[in-house]
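Next come the chains, spelled out residue by residue.
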Amino acid sequence: MSADVELDNVTIRFGSFTAVKGATLKIENGEFFSFLGPSGCGKTTILRTVSGFLDPSEGAVRIGGKDMAGIGANRRPTALIFQNLALFPLMTVADNVGYGLRVRGVPREERARKVDDLLRLIALPDQGGKLVSELSGGQKQRVAIARALAVEPQVLLLDEPLSALDLKLRQHMRNELRNIQKRVGITFIYITHDQGEALTMSDRIAVMDAGVIEQVAEGKSLYDNPATAFVASFVGENNPFPGTVSRTVGDHALVETAHGPLRGRNPKGLKPGDKAILFVRPEAFSVGVGTAEATISSTVEAVTFEGNTSHAYLKGKGAKPITLTIGRQSDHALPGQGATLAASYDPTKALVLPHGRLASE
Amino acid sequence: MTSRLVYKLMTGFYLLIFFAYLFGPLAVMGVTAFNTPNYPTAYPFEAFTTKWFTALFNDRDMMEGLWNSVIIGIGVVCLAVPVGLAASIVMTQIYPRARSLYYLITVSPVLTPGVIIGISTVIFWKDFAETTGLKPYLYKGMILAIFGQASFICAYCMLIILARLQRFDRAQEEAALDLGASYPQVFWHILIPFLRPALFSAGIIAFLSSFENYNTTTFAILADKTLVTVLAGRVRQGTDPSLSALAVIIIAVSLVGAISYEILKRREERRALEAAARARAAERGEVALGGAVPTAA
Amino acid sequence: MSSRGLVYLIPIAVIAIFWAMAVWEKRRGLDDPSRKGFVQQNGILLSTFFVLAVAFWTLFLVVLPYMYMVQESFHPSLWPKDRGGPKDVLTLEHYKYFIYGLQTGTEASYNVTHLYAFWKTLLISLCVTFANFCLCYPLAYYLAQSAGPQKLRLLLIALIVPFWVNEILRAFAFRVLLSSNGLINTALINMGLIDTSFDFLRADIGLYLGLSYAYLLIMVFPLYNGIEALDKNQIEAARDLGASWWRIHKDVVMPFAKPGIASGCTMVFMLAAGSLAAPQFLGGPNTLWFTSIVYDFFFQAFNWSRGSAYAFILLLACIGFVLLVLRVFKVSLGEIAR
């Protein structure tokens, strides 16, 4: 049994500090949905509100169409995987997994059977008698998941569960989690600051910054068509060229930047005089001069050879350098350091977006 | 390296003097328990005897006092440990502005001279019992002794339990709630097992503090007696070495207690080390497989 | 409204004020939204238990008895039948008695005996505290910094075991040691140092020894805790810079262990000043200890009001000492209670 989750204009305040502003979105039944954003953006706050540990100051949270106001955490059809797992150290693995069933009054034999099934699901059969202190990091992770699944929640909430694991294990667990979700079929709400995780695992992602949901879309849409400057700079690598719109031509706009006038697509319908940022992805650049409004020229600061691709870093007008990706297929020799390089791009691959906060490094 | 040697010698000498001062009087008294003269004498040692031990057990007042002390001790434990638990939980949840005052009130009995606690207990409860008509039930030496001792022993228990409570991972409480437990269930399944070592220590400390208390009990006990007040009476009158015999018994019991505690502690440490070793082995196994773990069908 | 009734009212008023403040804050949304209500957080049954337990202890075992004793000290000593009657007025007569004594005749006099006992008690307690500190500091330092973990546990056990022997028995042990036929006198006579046995007890030496002995452990533990937290590297650094051991302790260790020192000193002082057993059993016939005077008022004179007044004076002295220590050491109350 699974359910959808609706946030209806949810605002959460702590005294004078607003952690989440007017969040509205709908997470579909059976979806793997992620909240992605830097630390402090409010994603944990939203998770705790959905699970019932926080009440929203304004707005409503609905699960399966039912308003959750006044329903405490222990009565909601949700289960939460904590960041530090919060396994019960004084209980065995089997007791941990079976705890939710125990408090529901499930009789002992049935409980033991269900626990065995779950232990097999997470590949820890016959380990029920072990204590939590005897498990490795990955094993603890899986016990936490089994414990949550035991109560058959309609929505599973995961609070950056992989952040404590080392790299190889993390990549393996990403696939594990996705497989488990497909098999069990319930709605997963996952929060993370790691875009690699979000992009590989999720059906849809909500990108958040400073309490505001910037955009909700599939990973590919976020990458190809970011809606705000923050999303454009947070998801993947991107080169920002801030400036003012000087002219619009059809669905393109011309932006006066420190590198001269540059042209790009104008999906947000900005008008002349609006402050904007033109974004070009590193892989959209080609070495060499192109059309006047789609070429930049600058000094090469550094070039790195990385096997299949190489990166060139040009001196930018701001603090950060301009990044170019040079593929193996290109028949230009790699530029040398200190040389002046011209790079051009296809204007349809550049985006003009309203001026806004950029993701910091 | 002579300065190191001098330092070591001085340390050893100091430790010797310190522990001689500490154990000396007790050792001497221990000797007098086995010596025959009627007044506790250590030197000259006349003859070895255990008659003072039998005299001790035949002393009716002493035995009555002992029995009362045990009853009072149990009463104090039954009162102080739950109250200490409640007080420590309230301390973590009380309205923040009231916390300092609450802390002051709960800790003040620890710093107050026992005499004052004893006096105030008797004065208050006498009038209170009279005005509420409960005099025959409440105005009794044993009850007042329990109340008086509980005044500061609750504080001891609270501090002991609070120290452990503050190390409690709140996330566990939330995890249990999230899985559907009601608040009472969280309390009994998660919090109490976590606090068990502290509850146990608090109980032991409560009993021992109650048993050996003099200043407060001597006022509160009214006409009854505890072992300690009987002792006080005997010492005042001048006495025979049966008191020394008592001291020897107490020392023997506490040594046994201390040794068993040490053994239990070592066993617990060993078990923790073994569990940690098993966890590390599991980690290594996981890494060796390259992070890939067999996924169930 | 009699003063006795007032005593019950004051705590209720204080609680009501705090309750009102909490409700007002919640209504205005000024509090932290993640703090759930008390009853909500613990369930009805448990909340009731907590509140009742804490209320019983703090009100009936702590606050009310103290306040009652204090207000009782302002009543004259009356037969039970006169209490609550016309003769029962608020008076300072007991406090006046403490300072002035019985006014016989027309000359103003002072209650020299009691005043002298009071100051002597405080002074001796202070000296005992200081002596205790000097005695225990090296041991605490050794335990905290130099001893290995096995040795540490052994030494701690060796420290604790003697203190499970009751303080009365310990006082008794000293008496045995110091009496005219006791070990020390016999030894001194045999060694030819003195001719007849020296009455240690009359000279109050027994009292001093007994008092400092009784509270050794109370001083060692807070000192140990205070010093233990100090990073060994700091001491190494100081030695490396050429500081003598005296300066190391004065400039590095003691300032760091201030809370522990304050805690130990406070507790020893209070226990010494409020001590009953040592003065009763180790004092000579002329020893006047303030707490013994209080005891006598209760058990010999049955003058409870006067005893309460004297007890209150003792309490004030102790509080005064604590505040002094807090000021001098610049620590807060929370750091002292272990």
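In what follows, the accompanying structure is described. (Residues numbered from 1 in each chain as written. Chains lettered and ligands numbered in written order. Predicted model: local features only at pLDDT ≥ 70, side-chain atom pairs only at ≥ 80, totals over all residues. Heavy atoms only, no water.)

### Looking at the pattern of salt bridges
So, point 1. Scanning the entire structure with this criterion turns up 18 salt bridges over all chains.
So, point 2. The salt bridge involving Glu293(A) is made with Arg247(A); its shortest N-O contact spans 3.7 Å. Of the two residues, Glu293(A) sits in the loop between β15 (285-287) and β16 (295-306) while Arg247(A) sits in strand β11 (residues 239-249), which places them 46 residues apart along the sequence.
So, point 3. A relative accessible area of 44% means that Arg247(A) is categorised as partly exposed.
So, point 4. In this structure, Lys225(B) engages Glu64(B) in a salt bridge whose closest nitrogen and oxygen atoms are separated by 3.8 Å. With a gap of 161 residues between them, Lys225(B) in the loop between α10 (215-220) and α11 (227-237) and Glu64(B) in helix α3 (residues 60-93) connect regions that are remote in the sequence.
So, point 5. With relative accessibility at 24%, the residue Lys225(B) sits in the partly exposed group.
So, point 6. Within the structure, one salt-bridge network assembled from shared partners comprises Glu6(A), Asp8(A) and Arg62(A). (Salt bridge = Lys/Arg side-chain N within 4 Å of Asp/Glu carboxyl O. Helix = DSSP H or I, 4+ residues; strand = E, 2+ residues; numbered from the N terminus. Buried < 20%, exposed > 50% of the residue type's maximum accessible area, 1.4 Å probe, protein only.)

### Here we look at the sheet that holds β15(A)
Backbone hydrogen bonds hold the strands of a sheet together, and the pairing may be parallel or antiparallel.
All names here are of chain A.
So, point 1. The strand order across the open sheet built from five strands is β15-β19-β16-β17-β18, with neighbouring strands paired in antiparallel fashion. Of all strands in the sheet, those with a lone pairing partner are β15 and β18 (322-327), marking the two edges. Pairwise comparison of adjacent strand axes, ignoring direction, gives a mean angle of 50 degrees for this sheet.
So, point 2. The pairing of strand β17 (residues 309-314) with β18 spans six bridges and is antiparallel. Across the sheet, residue Leu314 finds its bridge partner in β18, namely Ile322. (Pairing = 2+ DSSP bridges. Axes fitted to C-alpha atoms, helices over the stretch in contact; angles between N-to-C directions.)

### Section: a positive patch on the surface
So, point 1. On the surface, Arg4(B), Lys8(B), Lys151(C) and Arg239(C) cluster together into a positively charged patch.
So, point 2. Among the secondary structure elements, Arg4(B) is positioned in helix α1 (residues 2-33). (Patch = residues over 30% accessible without salt bridge, like charges linked within 9 Å, V, L, I, M, F, W, Y side chains within 5 Å. Areas by Shrake-Rupley, 256 points an atom, 1.4 Å probe, with all protein chains shown as cover. Lys, Arg positive; Asp, Glu negative; His and termini not counted. Charge placed at Lys NZ, Arg CZ, Asp CG, Glu CD.)

### Points about the packing of helix α4 (residues 99-111) of chain B against helix α7 (residues 141-165) of chain B
Residue and element names in this part refer to chain B.
So, point 1. Two elements in contact, α4 and α7, have axes whose closest approach is 8 Å; the angle formed by their N-to-C orientations is 115 degrees. Handedness of the crossing formed by α4 with α7: left-handed. Counted together, Thr106, Val107, Pro109 and Val110 of α4 and Ser151, Phe152, Ala155, Tyr156, Met158 and Leu159 of α7 form the full contact between these two elements.
So, point 2. Partitioning the contact of α4 with α7 into residue classes produces eight nonpolar, two polar and no charged. (Left-handed = near helix turned anticlockwise from the far one by under 90°. Contact = heavy atoms within 4.5 Å. Nonpolar A, V, L, I, M, F, W, Y, C, P; charged D, E, K, R; others polar.)

### As for the interface of chain C and chain B
So, point 1. Taken residue by residue, the interface counts 93 residues in chain C and 95 residues in chain B.
So, point 2. Contact between chain C and chain B buries roughly 8600 Å² in total, counting both sides, with carbon and sulfur atoms accounting for 76%.
So, point 3. Between chain C and chain B we count zero salt bridges in total.
So, point 4. Here chain C is connected to chain B by seven residue pairs in polar contact (both at pLDDT 80 or more).
So, point 5. Considering every element that reaches the side of chain C that touches chain B, the biggest residue donor is helix α3 (residues 44-72) of chain C, with 18 residues. (Buried area = accessible area lost by both parts, 1.4 Å probe. Polar contact = N/O pair within 3.5 Å; in protein donor to acceptor, adjacent residues only side chain to side chain.)

Honestly, that's just the spatial picture; any functional story needs more than this.
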